[in-house]
Amino acid sequence: LHTEIYELVHFLYKFDSARQYIMPAPNHPFKGKQGLKTIMHEYKRVVDRTSLVRTDKSHTVYFHASDASAVLAWIRPGEFEIYCTFTPLVPKEVAITACNRILRWIKREEKSLFMLQLNMW
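Residues numbered from 1 in each chain as written. Predicted model: local features only at pLDDT ≥ 70, side-chain atom pairs only at ≥ 80, totals over all residues. Heavy atoms only, no water.

K.L.:
Describe the packing of aromatic side chains, with residues and values.
P.N.:
The tally for this structure, following the rule as stated, stands at six aromatic pairs. Their ring planes at 20° and their centres at 5.8 Å tell us that Y13 and F80 sit as a pair that is stacked. Separated by 67 residues along the polypeptide, Y13 in strand β1 (residues 8-15) and F80 in strand β5 (residues 80-86) bring together distant segments of the chain. Under the relative-accessibility criterion, Y13 is labelled buried at 6%. Overall, F80 belongs to the buried group, its relative accessible area being 10%. Look at Y43 and Y83: their rings are 5.6 Å apart centre to centre, the planes differ by 35°, and that puts the pair in the tilted class. Of this pair, Y43 sits in helix α1 (residues 32-51) while Y83 sits in strand β5, placing them 40 residues apart in sequence. Side by side, Y43 and Y83 carry an identical accessibility label, which is buried. Ring pairing ties together the aromatic residues Y13, F15, W74, F80 and F114, which thus form one cluster. (Phe/Tyr/Trp six-rings, centres within 6.5 Å; stacked < 30°, edge-to-face > 60°. Helix = DSSP H or I, 4+ residues; strand = E, 2+ residues; numbered from the N terminus. Buried < 20%, exposed > 50% of the residue type's maximum accessible area, 1.4 Å probe, protein only.)

Structure below.
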């Protein structure tokens with residue numbers, strides 16, 4: 001998946017109603033199994049933190065920056081969850097703009113990214 005968002009290292013998009021998710025292979029410096037494991041561990045920490053403040057009806061936007069990366073999570077219960085990892089010096093505003101671009105791209109490509117109409121046998 002190529003998004004042309006150069007600050008973006010990785011993202012995971014969970015489509016709640018379809019019960020499916022997409023994610024590209026991680027970019028440098030998180031390439032390989034260990035890099036993916038590091039990213040997934042960070043997303044798990046974000047999920048744990050956001051679940052403490054989230055209610056079923058509200059959406060949550062969470063941003064955290066460290067020396068290694070910046071992570072933005074946007075959670076809209078019943079619709080989607082998106083977790084984005086950026087280079088460490090990305091400001092929150094840039095991360096939000098990039099996340100919106102990813103969401104628009106996903107919406108545009110939805111039919112090719114997800115199995116929306118499952119055939120019943």
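K.L.:
Just give me the short version of the nonpolar core, but keep the residues and values in it.
P.N.:
Judged by nonpolar contacts, the single largest core of 23 residues is most densely connected at F11, Y13, I82, C84, F86, I102 and I106. Within the residue set of this core, elements represented by two or more residues are β1, β4 (70-76), β5 and α2 (92-108). Looking at this core element by element, the count peaks at seven residues for α2. When neighbours within four sequence positions are excluded, I82 is seen to be in contact with L12, Y13, L72, A73, W74, C99, I102, L103 and I106. Among the nonpolar cores identified, the runner-up in size contains 11 residues, and L12, Y43, V71 and A73 belong to it. (Core = buried A, V, L, I, M, F, W, Y, C linked by side-chain atoms within 4.5 Å. Contact = heavy atoms within 4.5 Å.)

K.L.:
Help me get a handle on the sheet that holds strand β3 (residues 60-65), residues and values and all.
P.N.:
Where strands meet in a sheet, backbone hydrogen bonds hold them as pairs that are either parallel or antiparallel. With respect to topology, five strands assemble into an open sheet ordered β2-β1-β5-β4-β3, the strand pairing being antiparallel. At either end of the open sheet lies a strand with only one pairing partner, and these are β2 (20-22) and β3. Adjacent strand axes in the sheet meet at a mean angle of 10°, parallel and antiparallel pairs treated alike. The pairing of β1 with β5 spans seven bridges and is classified as antiparallel. When the bridges of β5 are listed, Y13 appears paired with I82. Packed on one face of the sheet, α1 meets β1, β3, β4 and β5 and runs near 55° to β1. (Pairing = 2+ DSSP bridges. Axes fitted to C-alpha atoms, helices over the stretch in contact; angles between N-to-C directions.)

K.L.:
Break down the side chain of Q20 for me, with residues and values.
P.N.:
Here Q20 is to be found in strand β2. A distance of 2.8 Å separates a polar side-chain atom of Q20 from the backbone oxygen of M115. Once residues lying within four places of it in the same chain are set aside, the contact partners of Q20 are Y13, K14, F15, F114 and M115. (Polar contact = N/O pair within 3.5 Å; in protein donor to acceptor, adjacent residues only side chain to side chain.)

K.L.:
Describe the state of the cysteines, naming the residues involved and giving the relevant values.
P.N.:
Evaluation of the coordinates by the stated rule reveals zero disulfides. Left without a disulfide partner, C84 is nearest to the cysteine sulfur of C99, which lies 4.0 Å away. Residue classification places C84 among the buried residues on the basis of a relative accessible area of 0%. (Disulfide = S-S within 2.5 Å.)

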